[in-house]
Amino acid sequence: MAPERSGNGGVQSLQRAFELLERLADAGGEASLSELASSSGLPMPTIHRLIRTLVALGYVRQNINRRYALGARLIRLGENASLQFGTWARPLLAELVDEVGETANLAVLERDEVVYVAQVPSRHSMRMFTEVGRRLLPHGTGVGKAILATLPADDVRALLARTGMPAYTEHTHTDVEKFLRHLGRIAKQGYALDEAEQELGVRCLAVPVPGAPTPTAVSVSGPEGRLTKEAVTRIAPVVQRIAAALSQQLGARDLTA
């Protein structure tokens, strides 16, 4: 029997399976069959059949409470995809370092954390270093704030309700409503600043990458003594240009895929 085709030439059951995985991710990683039916609009028998297959493959697991959650087998796929994402972005990060002289980073939002997927270090002897693969809560990082500023306020509230807002330094934002207003200002100016909110003495300037398949931001970070307020004014347009170039590359890759 030939597989059922969708209107765009794809295999409909495959598209629906990936839609269910995305619905689970949107729900915070766990949902019931009825919740999946409500959010996806798919018939319950279809959802049950697809979920049973995904459980058998290890991409979904059934919890003791009979709710369904993203499976451990997705971790390997996500980690490898993130590393590949970082690999092809490195030339643009290197260009950013050449222009601004500070460490350049690329980070994505995975579930409720920002994950650093690539970095090109500054050539200064005193420079910032963040290990690729490091995970942090988004409210206390420049890249995290740049990403959150692109999301609907209700989604940000829900994320913060799950993670809390622990203070990393005395400058970290810890009030939800004040933080949401702060994100509104970030959205208007087109970039976020981490003002010693993750680490004392460090300033970071971050810009979201539009059109990325997962929420993504590029940043430069350095000591406050070098990355001054005056330097930020000069550097911000450069980081925005690199973010736009990353977005264009993503579009070109999608067209040739």
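These numbers come from a predicted model, not from an experiment.

> I keep staring at the sheet that holds strand 1 (residues 30-31) and nothing clicks. Help me out?
Read from one edge of the open sheet, three strands run 1-3-2, paired in antiparallel fashion. Of all strands in the sheet, those with a lone pairing partner are strand 1 and strand 2 (60-62), marking the two edges. Running at roughly 95 degrees to strand 3 (residues 68-70), helix 1 (residues 12-26) makes contact with strand 1, strand 2 and strand 3 of the sheet.

> Help me understand the environment of Glu102 in this model?
Along the polypeptide, Glu102 turns up in the loop between helix 4 (73-100) and strand 4 (103-110). Residue classification places Glu102 among the buried residues on the basis of a relative accessible area of 5%. Considered as a pair, Glu102 and Arg226 are 124 residues apart in the sequence and their alpha carbons are 8.8 Å apart. Within polar-contact distance, the side chain of Glu102 engages the side chain of Arg226 at 2.8 Å.

> Can you help me understand the sheet that holds strand 7 (residues 192-195) in this one?
Pairing in this open sheet of six strands is antiparallel, and the strands run 6-5-4-9-8-7 from one edge to the other. Looking at which strands have only one partner, the edges of the open sheet turn out to be strand 6 (135-136) and strand 7. Taken together, the four bridges between strand 7 and strand 8 (residues 202-208) define a ladder with antiparallel strand orientation. In the strand pairing of strand 8, Glu195 is matched with Arg203.

> Please explain the confidence of the model for the protein chain as it appears in this structure.
Low-pLDDT portions of the prediction should not be read for the details of their coordinates. Of all residues in the protein chain, 87% attain a pLDDT of 70 or more, and the chain-wide mean is 85. For the protein chain, the element scoring lowest by mean pLDDT is helix 4, at 78; helix 5 (residues 142-148) scores highest, at 97.

> How should the nonpolar core be read in this particular structure?
A general trend in soluble globular proteins is that nonpolar side chains are found buried together. Core analysis: the biggest nonpolar cluster contains 33 residues, and Leu96, Leu106, Leu205, Val218, Ile235, Val239 and Leu246 have the highest contact counts within it. Secondary-structure elements contributing two or more residues to this core are helix 4, strand 4, strand 5 (113-120), strand 8, strand 9 (216-223) and helix 8 (229-256). In terms of residues, this core owes the most to one element, helix 8, which gives 10 residues. Among the nonpolar cores identified, the runner-up in size contains 21 residues, and Val114, Ala146, Met165 and Ala206 belong to it.

> Explanation requested: the pairing of strand 9 in the structure shown.
Walk down a regular strand and you will see the side chains alternate between the two sheet faces. Most of strand 9 sits inside the fold, with eight of its eight residues counted as buried. Direction of pairing for strand 4 relative to strand 9: antiparallel, over a ladder of six bridges. The partner of Ala104 across the bridge, within strand 9, is Val220. The pairing of strand 8 with strand 9 spans seven bridges and is antiparallel. Following the sheet pairing, Pro208 is matched in strand 9 by Ala217.

> Would you take a moment to explain the packing of helix 1 against helix 3 (residues 44-57) for this structure?
Helices that pack against each other are described as a pair by the angle of their axes relative to one another and the distance between those axes. Where helix 1 contacts helix 3, the axes come no closer than 10 Å and their chain directions differ by 80 degrees. Classified by the angle their axes make, helix 1 and helix 3 are roughly perpendicular. Packed against helix 1, whose contacting residues are Ser13, Arg16, Ala17, Leu20 and Leu21, the element helix 3 presents Thr46, Ile47, Leu50, Ile51 and Leu54 at the interface.

> Can you help me understand the packing of helix 6 (residues 153-163) against helix 7 (residues 176-189) in this one?
The geometry of helix 6 relative to helix 7 is characterised by a closest axis approach of 11 Å and an angle of 140 degrees between their N-to-C directions. In terms of orientation, helix 6 and helix 7 fall into the oblique class. Crossing handedness for the pair helix 6 and helix 7: right-handed. The residues of helix 7 that touch helix 6, namely those facing Ala153, Val156, Arg157 and Leu160, are Val176, Glu177, Phe179, Leu180 and Leu183.

Rules of the game
- Residues numbered from 1 in each chain as written.
- Predicted model: local features only at pLDDT ≥ 70, side-chain atom pairs only at ≥ 80, totals over all residues.
- Heavy atoms only, no water.
- Pairing = 2+ DSSP bridges.
- Helix = DSSP H or I, 4+ residues; strand = E, 2+ residues; numbered from the N terminus.
- Contact = heavy atoms within 4.5 Å.
- Axes fitted to C-alpha atoms, helices over the stretch in contact; angles between N-to-C directions.
- Buried < 20%, exposed > 50% of the residue type's maximum accessible area, 1.4 Å probe, protein only.
- Polar contact = N/O pair within 3.5 Å; in protein donor to acceptor, adjacent residues only side chain to side chain.
- pLDDT = per-residue confidence, 0-100.
- Core = buried A, V, L, I, M, F, W, Y, C linked by side-chain atoms within 4.5 Å.
- Parallel < 35°, antiparallel > 145°, perpendicular 65-115°, else oblique.
- Left-handed = near helix turned anticlockwise from the far one by under 90°.

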